[in-house]
Amino acid sequence: VHRARSSVLMLLLVAPGAAPLIAQAPGAPEAMVVGRVADAETGEPVVGALVVVEGHELGALTDSQGSYRLARVPAGPQVLRAERIGYAPVRAPVTVPTRGTLRQDFSLSRSALRIEGIVVTADPMGRARGELGTASVVGREAIANQVATSLAGVLELVPGMPMSAPGLEGVQQVSLRAAPTTVTETGELAAFGTLIILDGVPLSNNANLQSPPAGIQFATAARGGIDLRRIPASTIERVEVIRGVPSARFGDLTQGAIVVETRTAAIDPELAVRFDPRMANTAVVAGRALGAAHTGAVSFDAARHRPNAGLRDDEAYRLSLQLMHRGTWGGAAGEEGTPRLVLDTRVDAFRVLDDRPVIPDDVTAFATSIRDQGFRLSERARLRLGEDARLQLTASLDMTRQRSFWQTMRTSAATPFTDRLTEGRSTGHFIAGPYLARIEVDGEPWMGYGRLEYETSLRWLGASHALRTGVEARREWNSGPGYRFAMEAPPQISFDGIAGFDRPRSYDAVPALASTALYVDDRATRPFGREGMAQIQAGLRLDILHTGGSWFSGVRDQALQPRLNVEVAPVPSLRFRGGWGRTAKLPSMGRLHPPPVYFDVVNVNWFADDPAERLALLTTFVRDPSNAALGLAMADKAEAGVEVGSGEWAVTLVGFMERVNGAFGTRPEPGWVPRDRFDLENDAPGTGEPPRIVEPPVRTDTIPVLVARPDNNVRLDTRGVEATAFLPEIRPLRTRVQVQAAWIETEQERGGPDFGGVSQFRDFQLSQGQARAPYWESPFRSGRRALATYRVVHHQPTLGLVITGTVQHNLLDRVWDRAATDTLAFAGYVTREGDMIPVAPDARGNPEFQDLRRPRTGAFTELRTTPADWIMGLQVRKSLPLNGHFSFWAFNLMDRRGYVLEPNVHPRPYPRTRFGLELVIAPATLLEAVRP
Amino acid sequence: MRWLAPIITAGSLVAAGSGAGTVAAQTMEPGSWMRDWSPLAPVADLPRTMPVAPALPALLTAPAPRVGLHWSAGNPAGLAFEGADEWGDFTMGYASEAGDFRRPLDPGEVHSGMLAGSGWRPLGPGAVSGGVALQRTGLGGDAFANARTPYRSSPHTSADTSGADMVELVTRVEGAGGWRVGGWGLGLAIGYETFDGRTDVSPTPRFRRGGAPAATVGVVRALSAGVVVGAHARIQGDVETLSVSSPRTDVARVYPLEGYTNPVGVDYSTGGYNRRIEGDAYAFGLSASFRALDARWVAWGEVSERRERQSSQFLSDPPSDDWRTSGTTAGVAAARPIAGDRWLVVANVTWTRVTGEATRVALEEEGVLFEATEAALVGWGDVRWTVAPEWRVALRGLVERQDRRRWDLVAGTGIDLSVWRPAFAAEGAWTGERLSLALGTGVAWHTPSGGIPDPTGFNAGYQRFVAPELALESTPTLSHSTALTLRWAMRGQTRLWIQTGFAALAPRHAPYTLPLQPDGRRSRWSIAVGSTRANPFTP
């Protein structure tokens, strides 16, 4: 009994949502599910196995005969899952009657590959826990079968996601339900609006300030979502990708939520080694019970990637460590109840390094390095309050130490330069000739997070309700030296005598971001007719962004977000679903508190041969680009869909429309600065001293300038259709076909004027004779993508063999910027004083606007498509003796090139062929086998 | 089509990475029967191989050779009637090969490590077989070849002068299944081989990568009196991408080799040299299996076509070089136990003929630029005798006849070579209660006749990259191999073994020496450990 009890505690970790097993409310439309769990090889009963109803927090343990009994299981299509330490979990789709008893037996095998019907793709019938919105659920077997180094690779199982080669090169982010356009901003916004939740606690990128200054390129996740490289695929147990309308429990998102459960649980130790010509990856996962009430677990992953081996010494590596302890107090861990108090303590630590060192003998001396390392301490306490209620407290502290640098050789013409930090006129110095420019960006984003949630089950209006309400608070801040460079070697050399260099900025002074939220959510279930079932999930969430860095500093912005999901199943094999809701996303600290903008206007530029005779006089103007009105971005999401099928097969079709209003962009705001011009005296060569300025200035020029101010001025519209077909197994061939497809169109529109290309406005700045310059309306950018992925899965349980062939068909890739480019397209003009004067369309042809009728630059208006093409992958997994398995994988196995530099074709290069092997062994089983 | 080097067989002197010797080891040595069924086996291609000693009988580490529609003719449907037992093996080995007696595009040194596993077993109303192998190879000592398999029938290949050391990883996975449906058998075999190679440290880095999927479908029909007839079709595709780049100021000099014309080096200082080779091949075959004279007989025939296109850029530019071949293969094999199971005699004769033509887009008006007619007749016999319960011996004889006529119509010259390669191998094994021991040795002679161009009239590029190969092929050689195997019986049918081997190849004393003939010798040693399970053929 003691051993079984320990096992229960360990197993609870595999399904954290099922931890406190809450029974359904009395009187609900329920049936009983009973059955037996047996060992597939021996037929012996499996004692202490946990059988849960997925999507509900309902479960039971098997007794000494291997029998289990689940009382009050909601009627309708459900998925049962049986699991036990040392065995691969087994899932069984069932249709629960409205009353009576259903029998469902399970056979558990030590190796999942030897189990009938394992699912190695996103589960078509899977449900995100507690959610009714459209979701893709990826289980452990699918993750193990996927060629993935990190969470990004796992997400390729979601409709609409392109295949990519495994690796650690470059920042990895995910953009749910978004098609790329001609600007990377679209993908960054979508990634920024995608919420990642790791073991019940959100990860945030809001305080990431690792952005390089304008004109400098190095990989950074600062403008998008978190870098997914920090989450190794090897340590993930389950991923739920909520693409539809999430419940009110989820906030700080516009696109969707990705809920990740790691394998830090009480599971048999497992060692995995993966190797390919560019990468090596090792992972260890283990956990065990520590007495009757405590469980400890550890997972470790180390990966090294040399993407350009043989050519450059570029290297990326990742270390990831997770420690977990669970303690339980009170109650009985068995059929009769669950512990009264469960405390989960987790420590996550990671280090991701991405280095591009200098190539020997390379005269450019170009190098970059991105080094992120951090830890997260989280605590989750669940307190059972009677039969049907519980209180859950979640708290976490998350810190990442980010170190980035970039360097290259610069060759500067004689350029006057000042490092003045305040407004005013000062003598500068000259930068000239070759020098090594280097910047360092060192930040330490932190996040403190807490949530208190109350859940209960009750019966009301003939339906059973799962009700939860909670309050959330988070505070995010950054610290550290921030952005730095040596003043003698500035990174930017394209200096026009007006735009200044970005000044070093310490992140210690950047104010914190604080937000709070309240939410309430109810999920009601009610049967109708003979077999029908209706479910409604309705919720309301209030997000508050505070003015200062504390939760008591007033309200800067707030958003009330109603959310509704409805599912109607007239018969168990047919479900109609729909959802509508509003979500909100906090702005990043980088947008809330942008660095000051400096204009260094050159008054005197006297560069003599003798350094002692040189004179640089500059006037510095400082503009604060911050926007006090910047607030939350709002997303309206709507979807409707239908699902047909049973557990053996399923076809789903979902149509969706999403609009993000007030997404984060920048608005160019015109203004002006004066430039004083002086006469000089004593300017003859050979004096050994610089010339003297003759006051007062002989002339003052008006120089128009633009300040890029963060704003909620971007609208992001996305519509699309997602379809999946999970066809029944062709039994004689032991083969199953799965198809998933998505057609997505994204349109991005930025509010505010467009002043054309950089050079166009610069010409205006420098030409004193030019009184005005045209501006246009911002281009309307759109991208359209259609992607179909076909998977053929051949599974031979007898051999423990799974062969997965994947073909991804790029049916359509199209990008298009719509913008008028004719000479009458201008919307108005800006004066040298920064005044914007609109011009009515019918007046644009008037003679007085002759100077404004010029071709537009900086907008790409050609429709560009990419021809349809395909790419293929292969995965072969074979069980080995002693609970191990071996797998071979190949990506782009025909080495297809895609489209790279074809004329009039939007590029879509395919990554080159990659292949590798993976070996997974169970050390405990090995030791057991060799033990005398 | 490329194959992994079977480095555990002591007799196969492998030019791993150059690929040429490996194909020979697979297709022309009797020990290769366990992989003859592979859908990745060459189609309409007869690579030029190093003259090596045959594989040893492997009394302790492999089953006796099999004869069948699946095993001999490559029709996977034959498994439905031929897979009644179960076998599994795992091998981990290392081999090192070096020596001056080599062709210009063979690496001077080869160091190779390999992991491999294979097996077969009954499954439902049929049987399956399959295997996987991973090989990591270091190529050193002036590895000039750009392509992984420079000595195929195709004349299009290239070399560069950096000669930097390379590392290469190759993986192959393949499997076949045959299912019985009444008197019919249906079969499918699929395979995939892929590789990735790069220079280790070089101012002009070289990369090559590729993939080759293949599939075979077959059907057989069991007739009366133990006669089974079948038909099969094979399809293969292969892609190889190679590049030589010069990221700094160094210059990469590449020699495109296109037959027997004078190669002209091309310098690449920016952008580098790129080459993409795309091939596809298909074959149709008929086969029959029957019993006669107390033996199991299999006869088969196959016609095949192969087309290879090479282009010079990574973009989808039109191919610049084209090579088409037609092939014909016929074979017969027989196995007969004698005196119960004390004797087993297995014989196999295979004849293959390939004709090919090369054209270039840039010289379309010239028509065919290069043509080749090549044929190989390989016959081998394997006799196994259980002298006593603890003593067994095996003898193998191999006779190979190659005829190659390769003619460059632009240069107006070519080769017309015939080669005889007789070879013998013997192995004796003692089996104790737990421990077993085997010692084997083999020898092979390479005796050419015919004519090759006189290299003195050609340029330095020809004399460096072409002439030595022709001289080596025209040189009589002697190769030999030796292997010692120890095996330990575990519980059940599991056996652990360790094997070490040595092989060498050198020119025989000849009355004259050809101009530019490679000199010296080439030798190789190997060590491997492995396990076998449920071997019904070896006690």
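Now for a look at the structure at hand.

Thresholds, definitions, all that
- Sequence order sets the numbering: in each chain, residues are counted from 1 along the sequence as written.
- For this description, chains carry letters from A and ligands carry numbers from 1, given in the order in which they are written.
- In keeping with the predicted nature of the model, local features appear solely for residues at pLDDT of at least 70, side-chain atom pairs appear and are counted solely at 80 or more, and the whole-chain, interface and lining totals rest on all residues.
- In computing side-chain values, all of the structure's heavy atoms are included and hydrogens and water are not.
- Under the scheme used here, helices are H or I runs from DSSP no shorter than 4 residues and strands are E runs no shorter than 2 residues, and both carry numbers assigned from the N terminus.
- We take the radius of gyration over the C-alpha atoms and set the globule estimate at 2.2 Å times the residue count to the 0.38 power.
- Each residue gets one of three labels from its accessible area relative to the maximum for its type: buried under 20%, exposed over 50%, partly exposed in between, using a 1.4 Å probe on protein chains only.
- Throughout, a residue-residue contact means that at least one pair of heavy atoms, one from each residue, lies within 4.5 Å.
- All accessible-area figures derive from a Shrake-Rupley calculation using a 1.4 Å probe, and residue coverage is judged against the displayed protein chains alone.
- His residues and chain termini do not enter the charge count, which takes Lys and Arg as positive and Asp and Glu as negative.
- By convention, charge coordinates are those of NZ in Lys, CZ in Arg, CG in Asp, or CD in Glu.
- Residues grouped as a nonpolar core are buried Ala, Val, Leu, Ile, Met, Phe, Trp, Tyr and Cys residues, joined through side-chain atoms within 4.5 Å.
- Cavity: a set of points on a 1 Å grid over the protein atoms alone where a 1.4 Å probe fits but cannot get out. Pocket: an open set with protein on both sides within 12 Å along at least five of seven lines, its lining residues, like those of a cavity, having an atom within 4 Å of a point.
- Grid points are joined across faces, edges and corners, and a volume is the space filled by probe spheres set on the points.
- Put simply, Ala, Val, Leu, Ile, Met, Phe, Trp, Tyr, Cys and Pro go in the nonpolar bin, Asp, Glu, Lys and Arg in the charged bin, and everything else, Gly too, in the polar bin.
- Any N or O atom pair separated by 3.5 Å or less is treated as a polar contact, with the protein-specific requirement of one donor-capable and one acceptor-capable atom, and with residues adjacent in sequence counted only for side-chain atom pairs.
- In this description, strands pair whenever DSSP reports at least two bridges between them.
- What makes a salt bridge here is a side-chain nitrogen of Lys or Arg within 4 Å of a carboxyl oxygen of Asp or Glu, nothing more.

**Concerning the overall build of chain B**
- The secondary structure content of chain B amounts to 4 helices and 21 strands.
- Scaling as 2.2 N^0.38, a compact globule of 539 residues should have a C-alpha radius of gyration of about 24 Å, and chain B matches this with 23 Å.
- Seen through its C-alpha atoms, chain B measures out along the principal axes to roughly 65 × 45 × 45 Å.
- Among the 539 residues that make up chain B, the fraction classed as buried is 59%.
- For chain B, long-range pairs separated by at least 24 residues make up 71% of all intrachain contacts whose partners lie at least 6 apart in sequence.
- Carbon and sulfur atoms make up 61% of the accessible area of chain B, which amounts to about 19,300 Å² in all.
- Here chain B contributes 50 positively and 52 negatively charged side chains, and the mean placements of these two sets differ by 7 Å.

**Quick word on the nonpolar core**
Residue and element names in this part refer to chain A.
- By size, the foremost hydrophobic cluster in this structure holds 38 residues, and its most contacted members are Phe218 and Ile439.
- The element that contributes the greatest number of residues to this core is strand E21 (residues 424-443), accounting for 5 residues.
- With sequence-adjacent residues up to four places away left out, Ile439 is seen in contact with Pro213, Ile216, Phe218, Ser404, Phe405, Trp406, Tyr483, Arg484, Phe485 and Pro491.

**Looking at empty space enclosed by the protein**
Residues and elements named next belong to chain A.
- The computed volume of the largest cavity comes to approximately 790 Å³.
- Looking at the largest cavity, it is lined by 48 residues, and the ones nearest its centre are Arg140, Glu141, Arg263, Glu270 and Val920.
- Those elements that place two or more of their residues in the lining of the largest cavity are helix H1 (2-14), helix H2 (140-145), strand E14 (270-276), strand E15 (279-289), strand E43 (884-891) and strand E46 (914-921).
- Of the residues that constitute the lining of the largest cavity, the class distribution is 24 nonpolar, 10 polar and 14 charged.

**Re the side chain of Ser289 of chain B**
All names here are of chain B.
- With respect to the helices and strands, Ser289 occurs in strand E11 (residues 273-292).
- Of note is the side chain of Ser289, whose polar atom sits 2.7 Å from the side chain of Arg296.
- With sequence-adjacent residues up to four places away left out, Ser289 is seen in contact with Leu69, Gly226, Val227, Val228, Arg296, Trp297 and Val298.

**Observations regarding the pairing of strand E16 (residues 391-408) of chain B**
Residue and element names in this part refer to chain B.
- Where strand E15 (residues 370-388) meets E16, 18 bridges bridge the pair, whose relative direction is antiparallel. In the strand pairing of E16, Gly379 is matched with Val399.
- Where E15 folds back onto E16 in an antiparallel hairpin, the turn is made up of 2 residues.
- Bridging between E16 and strand E17 (residues 413-431) involves 18 bridges; their strand directions are antiparallel. Directly across from Asp403, in E17, lies its bridge partner Ser418.
- Between E16 and E17, which pair antiparallel in sequence order, lie 4 residues; one of them, Gly412, sits at a positive phi of approximately 70 degrees.

**Focus: the pattern of salt bridges**
Residues and elements named next belong to chain A.
- Using the criterion set out here, one finds 104 salt bridges over all chains in the structure.
- A salt bridge links Arg474 to Glu476; the shortest N-O distance between them is 3.2 Å.
- Under the relative-accessibility criterion, Glu476 is labelled buried at 1%.
- Residues Glu681 and Arg692 are paired through a salt bridge, measuring 3.5 Å at the closest nitrogen-oxygen approach.

**Side note on the environment of Arg495 of chain B**
- Summarising the element assignment, Arg495 of chain B is placed in strand E20 (residues 495-507).
- Along the chain, Arg495 of chain B and Val217 of chain B lie 278 residues apart, while their C-alpha atoms are 34 Å from each other.

**Things to note about the interface of chain B and chain A**
- At the interface, 35 residues of chain B touch 32 residues of chain A.
- Summed over the shared surface of chain B and chain A, the number is 3 salt bridges.
- The interface formed by chain B and chain A includes 5 residue pairs in polar contact (both at pLDDT 80 or more).
- Those elements giving two or more residues to the side of chain B that touches chain A turn out to be strand E3 (126-140), strand E5 (166-181), strand E6 (184-199), strand E7 (206-222), strand E8 (228-244) and E11 of chain B.
- In terms of residue count, the dominant contributor to the side of chain B that touches chain A is E6 of chain B (6 residues).

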